Structure formats: C-alpha cells, structure tokens
Amino acid sequence: MRIEDLDRPREVAGSADGILRTLERFGFEWDSLTRQSERSELYVEALRSLEARQLTFACTCSRAQLEDELRYPGTCRDRQAAAGVPCATRLRVDSREIRFTDRIQGTYRQELAAAVGDIILKRRDQIVAYVLAVVVDDAAQGVTHIVRGADLLDNTPRQVYLQQLLGYAEPRYAHVPVLTEPDGSKLAKSRRSVAARMDSPRPLLFILFSLLGLAPPASLESATISAVWAWAIERWGVEKVPRRLVLPVNA
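About the criteria used
- Numbers given to residues run from 1 along each chain, matching the order in which its sequence is written.
- Residue-level local features of this predicted model are given only where pLDDT is at least 70; pairs of side-chain atoms are given and counted only at 80 or more, and the full residue set underlies all totals for whole chains, interfaces and linings.
- Excluding hydrogens and water, the side-chain figures rest on all heavy atoms present in the structure.
- Burial here depends on accessible area, computed with a 1.4 Å probe over protein chains only, as a share of the maximum for the residue type. Under 20% is buried, over 50% is exposed, and the range in between is partly exposed.
- Each helix corresponds to a stretch of at least 4 residues labelled H or I by DSSP, and each strand to a stretch of at least 2 residues labelled E; elements are numbered beginning at the N terminus.
- Buried residues of nine kinds, namely Ala, Val, Leu, Ile, Met, Phe, Trp, Tyr and Cys, make up a nonpolar core once their side-chain atoms join them within 4.5 Å.
- Throughout, a residue-residue contact means that at least one pair of heavy atoms, one from each residue, lies within 4.5 Å.
- Centres within 6.5 Å make a pair out of two Phe, Tyr or Trp rings, where for Trp the six-membered ring is used; the pair is then stacked when the planes are under 30 degrees apart, edge-to-face when over 60, and tilted otherwise.
- Look at NZ for Lys and CZ for Arg. If either is within 6 Å of the ring centre and within 35 degrees of the ring normal, a charge sits over the ring.

Some words on helix H6 (residues 156–166)
For H6, a buried count of nine out of 11 residues is recorded, marking the element as mostly surrounded by other parts of the structure. Looking one or two places after H6, you find glycine 167, whose phi comes out positive at around 75 degrees.

A look at the nonpolar core
The tendency in soluble globular proteins is for nonpolar side chains to be buried side by side. Leu50, Leu91, Ile119, Leu121, Leu132, Tyr161 and Leu162 are the most contacted members of the largest nonpolar core, which has 31 residues in total. At the level of secondary structure, the elements contributing two or more residues to this core comprise helix H2 (40–52), strand S5 (97–102), helix H4 (112–115), strand S7 (119–122), helix H5 (130–140) and H6. Not counting chain neighbours up to four residues away, the residues in contact with isoleucine 119 comprise Thr89, Arg90, Leu91, Val93, Leu112, Val131 and Arg158. Ranked by size, the runner-up nonpolar core spans 12 residues in total, among them Phe206, Leu220, Ile225 and Trp231.

What to know about the packing of aromatic side chains
Tallying each qualifying case throughout the model produces five aromatic pairs. Ring centres 5.7 Å apart and planes at 40 degrees place the aromatic pair phenylalanine 100 and tyrosine 108 in the tilted group. Judged by relative accessible area, phenylalanine 100 falls into the buried class, the value being 3%. Ring centres of phenylalanine 100 and tyrosine 173 lie 5.7 Å apart, and the angle between their planes is 55 degrees; this geometry places the pair in the tilted category. Highlighted residues: phenylalanine 100 in strand S5 and tyrosine 173 in strand S9 (residues 172–176), separated in sequence by 73 residues. Overall, the relative accessible area of 1% leaves tyrosine 173 in the buried class. Three or more aromatic residues link up through ring pairs in this structure, and these residues are Phe28, Phe209 and Trp229. Over the ring of tyrosine 72 we find arginine 90; its NZ or CZ atom is 3.7 Å from the centre of that ring.

Structure below.
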C-alpha cells in the first residue's frame, strides 16, 4: 500500500487514514505501508541524476502565464532563470514517439514533445511532481504490473519516458475503463455519484465485479467478504474487462 501524499499543503487532515479504513472495510489487504512524504531522498537522488546529464532546466513560468497553452511552449528552455524568482524544474523532452501495449486498451502511442512538451519534475513550491515520484517508487518497490483507471492512460507515456531515461524496467500496464455517463463525463463527478456505504460493502463489490466481466452468483450474498474476494480472484482475467463502460440513462 502506497499513500501518495506529496502535496502536504493540500492534504485534508485524516483523509489518508479514512481511505485505509474504507479499503479495509471492503476487504483489501496489504503487507506493508509506504508514504511518499517519507521518501523525498529517493526523488531528490533521481532528480540530481537527470540534472547531472543536463536533462533538466529551471522554469519560472506560472500557471497563469501558461493557461492558454495546450502544451508547454519551451519558454524557459534555453534561457537563464533570474535570481530570486521561484522556479520549477522541467525535464527536457526530445522528439520521440512513446509506444506501449496496454493489456486492456491495446497499443497506445504519443509524440510526447508535441502533445505535452517539457515535463515538470519539481514544482515552483519545491514539491516533487507526481510523475517523478511514482516512477521512482514503482522501480524501488519492484512493481511489475500496474492496473489503474483509463483516465490516466494519456499520462503513462510521460512515465515510460522517465523510466527510459532513468534506466528502469517498464511495468506492464492495464487501464480499466472509467464508468461514465452517456455524454462521456465521469460518473464520479456527476449528480448520480453516491458515496460508498461502509456498512454494506458486499452489494457494491458485486456491482464492481460484474462491471469487470465477472458474474457473482446469488450464493455469494451470504458469504464473508474474504470468501467473496477468494471467488473473484480465482475467476479474474484481464481479458474479461471491457474497454469502455457507460452507465445507462435509466440505471
């Protein structure tokens, strides 16, 4: 279990513990707990290795200055940052197509320089960026398979690019579909979104298993949560997961 709590100023007190309690109530288990806020030395070491190879530069651009840009235009790429001005650290992204095969979504390609531009690795407030932290952590923790929401699919090429520069092995990716409304908006952000019921996890687990291509039998309705998970794990197969999930209007 990894708590990604780098952005401490925005962290809501008690939120991480609340997440852990919810996961436990729904039967999730883990053998260790890692907090990114306690691993800053690893991120600094990776950043220094990139800086030593002249692969980064200081950027003074604010969000307001870039709000009309679809990608970072390279404003600070070849100029010296002014002294005393808050700076972010960006990774120089060269012209290269990043390609990987997702186990659910299929082949994905992105020309990273054209789509995104130079990537922030450390923000102007000196907080390490998510993309650097997760790449370093995945490698340090020996992560070989990543299963996550398809809303992060277009973020993955940035991570693959960093893995290549840092000499890390590339994990296998599987991006499960995000449940959406018929208009394409996320269910999680729509008016039909409801909070998970802590007092009744089994019905929600059955719904989720069904969406992932499983068919829980009625006999499981009286089973323990651990038995429900054992049933699902035995029958799980990534090939059963659909590429898209749309909630019907009358659901």
